[in-house]
Amino acid sequence: MSVEERKALDFDRFELDEDKAVRVDWNAYAEAYDLLSEHNPAYQALLHDFEGFLATIRTPQLIYDIGGGTGNYTKIAARACPGSEIRFVEPDAGMIALARDKLAAHGNINYDTLALEDIDALGAADLVICVHALYAMPAPEQRLADMRRLLRPGGLLYLINLGRYMNVADWRNYLFSHLKKEHGLVGALRIFWQGREIAKQNKTILKAQKNGVYWTHTEEEIASAASAAGFEILRQESVYRGYSHLLVCRVKP
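Fair warning: this is a prediction, and the values are worked out from it, not measured in the lab. (Residues numbered from 1 in each chain as written. Predicted model: local features only at pLDDT ≥ 70, side-chain atom pairs only at ≥ 80, totals over all residues. Heavy atoms only, no water.)

1. Some details on the side chain of Ser 244
Considering the arrangement of structural elements, one finds Ser 244 in strand E7 (residues 244-251). At 2.8 Å, the side chain of Ser 244 forms a polar contact with the side chain of His 132. Excluding its chain neighbours within four sequence positions, the residues that come into contact with Ser 244 are His 132, Ile 160, Asn 161, Leu 162, Gly 163, Glu 237, Ser 238 and Val 239. (Helix = DSSP H or I, 4+ residues; strand = E, 2+ residues; numbered from the N terminus. Polar contact = N/O pair within 3.5 Å; in protein donor to acceptor, adjacent residues only side chain to side chain. Contact = heavy atoms within 4.5 Å.)

Right, dumping it as structure tokens:
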């Protein structure tokens, strides 16, 4: 990458308000999230993995998507499992508004803005989905127990969680390299400028991680937490360029 390109992509110039240094603005994040995600091969690989996972299991009657964001995983589930009841849980107003628009064609989805710990349900779900949301929840180990509470005996958890520190420069270089190949220099710069809010909020996520507000963990630590919450781990791997951990779990008998 040339010096000029680096200057154009120098999103570090967006300074954080120290009083809000660990307050991620998910509403602002939502507006640019899908723009960059659709151009991110690592993110698209996660979506393909989830679609493949659904093809290997019995069609669930009841699915929860916890911290469902802008609805990308729910969209896949709604398309693959049109007869399932899906409960989309997302506390952020901006995220859930985008999800409602995206999922408007699907009539099998109910929406809820409750926090996970406030959901009054017990042992009914066949599948819980939680992707890149657990790390930002308070007391994440307890939230795993809450997900266990939602599931019936033998129910499944599809979990992806950010475990490593968010390296904004590393992701910037990775995405820019891909975008430049696909769209040329001008197109790559245009997409990055449109998605600049992501870089700003990712810097805030990093600060929250370093301050211990957001959970970071190794593969062994998240596996131990899932087991302690009452899950049997069926599959575990490092994904998202090594930043995240994927676990497919089943409720222990």
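On we go.
2. Here's the deal with the sheet that holds strand E5 (residues 151-162)
The strands that make up a sheet pair up through hydrogen bonds in the backbone, lying either parallel or antiparallel. Taken in spatial order, the 7 strands of this open sheet run E3-E2-E1-E4-E5-E7-E6, and their pairing is mixed. Pairing within the sheet leaves two strands with one partner each, and these edge strands are strand E3 (109-112) and strand E6 (231-239). Averaged over all neighbouring strand pairs, the angle between strand axes comes to 15°, with direction disregarded. For strand E4 (residues 125-131) and E5, the ladder comprises 6 bridges, and the chain directions are parallel. Looking at E5, one finds that Leu 127 is bridged to Leu 156. Contacting E4, E5, E6 and E7, helix H3 (residues 41-54) runs over the sheet at an angle of about 165° to E5. Most of the contacts of helix H6 (residues 140-150) go to E5, to which it runs at about 145°, and overall it touches strand E1 (62-66), E4, E5, E6 and E7. (Pairing = 2+ DSSP bridges. Axes fitted to C-alpha atoms, helices over the stretch in contact; angles between N-to-C directions.)

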